[in-house]
Amino acid sequence: FMRMEPCVQAHLLPRMKESDVMGRLWLSPEEAAPVLGMKPAKIRNYMRRGILDLGLAIPPEKTGKTMWEFRIYPAKIEKIIGEKLERPEEGEKQE
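Residues numbered from 1 in each chain as written. Predicted model: local features only at pLDDT ≥ 70, side-chain atom pairs only at ≥ 80, totals over all residues. Heavy atoms only, no water.

Asks: Just to check I follow, could you spell out the overall build of the protein chain for this structure?
Replies: Of regular secondary structure, the protein chain possesses 5 helices and 2 strands. Overall, the protein chain shows an N-to-C arrangement of helices and strands of α-α-α-β-α-β-α. A burial count over the protein chain gives 32% of its 95 residues as buried. Across the protein chain, contacts joining residues at least 24 apart in sequence account for 46% of those joining residues at least 6 apart. Summed over all atoms, the accessible surface of the protein chain reaches about 6,800 Å², with 53% contributed by carbon and sulfur. (Helix = DSSP H or I, 4+ residues; strand = E, 2+ residues; numbered from the N terminus. Buried < 20%, exposed > 50% of the residue type's maximum accessible area, 1.4 Å probe, protein only. Contact = heavy atoms within 4.5 Å. Areas by Shrake-Rupley, 256 points an atom, 1.4 Å probe, with all protein chains shown as cover.)

Structure below.
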């Protein structure tokens, strides 16, 4: 297992629209990348190959789509970085 060092201020999730967050229990590789200090393409590559377990890497033949889908669970990121992810509070102004 490779050790990853989170970058400074990495524990802050990117600001997302409330409609994007409501009802969603997972992040995309693009949303998880700044938290982990990695590029989204590397996260997708490692998840596809089973090197990095952050959630689900769903192949196209399972979804009927042409591309892989990725669902990254915040709890798995929290375990790697060793702290809770900060999420916008309800009613807090979104950027």
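Further notes follow.
Asks: Would you explain the nonpolar core in this entry?
Replies: The tendency in soluble globular proteins is for nonpolar side chains to be buried as a group. Formed by 16 residues in total, the largest nonpolar core has its most connected members in Leu36, Ile43, Leu54, Ile72 and Ile77. Secondary-structure elements contributing two or more residues to this core are helix H2 (29-36), helix H3 (40-49), strand E2 (69-72) and helix H5 (74-81). With 4 residues, H2 is the largest single contributor of residues to this core. If we ignore the near neighbours within four places in the chain, the residues touching Leu54 are Leu36, Ile43, Met47, Arg71, Ile72, Tyr73, Lys76, Ile77 and Ile80. (Core = buried A, V, L, I, M, F, W, Y, C linked by side-chain atoms within 4.5 Å.)

Asks: Mind showing me how you'd approach H2 here?
Replies: What sets the pattern is the α-helix's 3.6 residues per turn: residues three or four places apart point alike. Counting buried positions along H2 yields 6 of 8 residues, so the element is predominantly enclosed. Structurally, H2 contributes buried residues whose contacts are with H3, E2 and H5. At the exit of H2 stands Gly37, carrying a positive phi of roughly 70 degrees.

Asks: Even after reading the chapter, I still don't get the pattern of salt bridges, so can you show me in this structure?
Replies: One side chain can pair with another of opposite charge once the charged atoms of both are near each other. Taken as a whole, this structure holds 5 salt bridges when the rule is applied. The partner of Arg44 in a salt bridge is Glu30, with the nearest N and O atoms 2.6 Å apart. Separated by 14 residues along the polypeptide, Arg44 in helix H3 and Glu30 in helix H2 bring together distant segments of the chain. Under the relative-accessibility criterion, Glu30 is labelled partly exposed at 45%. (Salt bridge = Lys/Arg side-chain N within 4 Å of Asp/Glu carboxyl O.)

Asks: I keep staring at the confidence of the model for the protein chain and nothing clicks. Help me out?
Replies: Note that predicted coordinates carrying low pLDDT should not be read in detail. Mean pLDDT over the protein chain: 77, with 65% of residues reaching 70 or higher. Model confidence for the protein chain, summarised as mean pLDDT per element, is weakest for helix H1 (residues 18-21) at 44 and strongest for H3 at 97. Scored below 50 in pLDDT, residues 1-12 makes 19 contacts in the model with residues more than four places away or belonging to other chains. (pLDDT = per-residue confidence, 0-100.)

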